[in-house]
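Coordinate inspection notes
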Amino acid sequence: MGSLAERLGVRTPSLYKHVGGQEDLTRRIAVLALGEAADAVGRAVQGYAGRDALGAAARAFRDFVLAHPGRYAATVGMESTGPDDPLAAAGERLLGAFMAVLRGYDLPDSETVHALRMLRSLFHGFATLQSASGFRWSADIDESFAWLVAFADRGLRAASRAAAGPPPPGQP
């Protein structure tokens, strides 16, 4: 809190008039970040379905993390204190944007949570590694990201087909 006060040009005790300490400040940053990410992803997927929606959501999420790595980092591991916590509401909005993407894949409800976790793992992992300069190979990062989105799309389509069961006799 001392270094923040110094950066803002105020005394440390003055900060405590506005925030309850480091935990409160981090929570507020996490709420802000989740809300901004939800807005970005929600805007990006409007009017799209299937792979187009998936790509738009992935790019919007990645762009947000790359533009605001510190804000996004505040969201990782931050737990909601209950249904009235603004963190829960912001998280639900972001989750809702990704659930809208998944509706285009016609997955059974029993697989939705797994699909959401897969997407979070893929997009979070890629974006946080990129923001930390974790990709040192000469291959184009955007090409790798496009490959990742295509891979996720193929996996979601395959899961949807598998859940639907085998085609009726006489159909491919």
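Rules used throughout
Residues numbered from 1 in each chain as written. Predicted model: local features only at pLDDT ≥ 70, side-chain atom pairs only at ≥ 80, totals over all residues. Heavy atoms only, no water. 1 Å grid on protein atoms, 1.4 Å probe; cavity = no way out; pocket = protein on both sides within 12 Å on 5 of 7 lines; lining within 4 Å. Points joined across faces, edges and corners; volume = space filled by probe spheres on them. Helix = DSSP H or I, 4+ residues; strand = E, 2+ residues; numbered from the N terminus. Nonpolar A, V, L, I, M, F, W, Y, C, P; charged D, E, K, R; others polar. Phe/Tyr/Trp six-rings, centres within 6.5 Å; stacked < 30°, edge-to-face > 60°. Buried < 20%, exposed > 50% of the residue type's maximum accessible area, 1.4 Å probe, protein only. Axes fitted to C-alpha atoms, helices over the stretch in contact; angles between N-to-C directions. Left-handed = near helix turned anticlockwise from the far one by under 90°. Contact = heavy atoms within 4.5 Å.

Quantified by volume, the largest pocket comes out at close to 680 Å³. Lining the largest pocket are 22 residues; nearest its centre among them are Leu 34, Gly 91, Leu 94, Leu 95 and Arg 120. Elements with a minimum of two residues in the lining of the largest pocket: α5 (69-75), α6 (86-103) and α7 (109-131). A class-by-class count of the residues in the lining of the largest pocket yields 13 nonpolar, 5 polar and 4 charged.

A word on the packing of aromatic side chains. Scanning the model with the defined rule gives 7 aromatic pairs in all. An angle of 35° between the planes, with centres 6.2 Å apart, marks the rings of Phe 98 and Phe 123 as tilted. Residue Phe 98 is located in helix α6, and its partner Phe 123 is located in helix α7; the two are separated by 25 residues in the primary sequence. With relative accessibility at 10%, the residue Phe 98 sits in the buried group. By the ring-pair criterion, three or more aromatic residues cluster together here, those being Phe 61, Tyr 72, Phe 98, Phe 123, Phe 126, Phe 135 and Phe 145.

Close contact between helix α4 (residues 50-67) and α7 brings their axes to 9 Å; oriented N to C, the two are set at 40°. The crossing of α4 and α7 is right-handed. Judged by residue contacts, Leu 54, Ala 58, Phe 61, Arg 62, Val 65 and Leu 66 of α4 engage Leu 119, Phe 123, His 124, Phe 126, Ala 127, Thr 128, Gln 130 and Ser 131 from α7. Residues belonging to the contact of α4 with α7 are distributed by class as follows: 9 nonpolar, 4 polar and 1 charged.

Interpretation in functional terms is not warranted from these geometric data alone.
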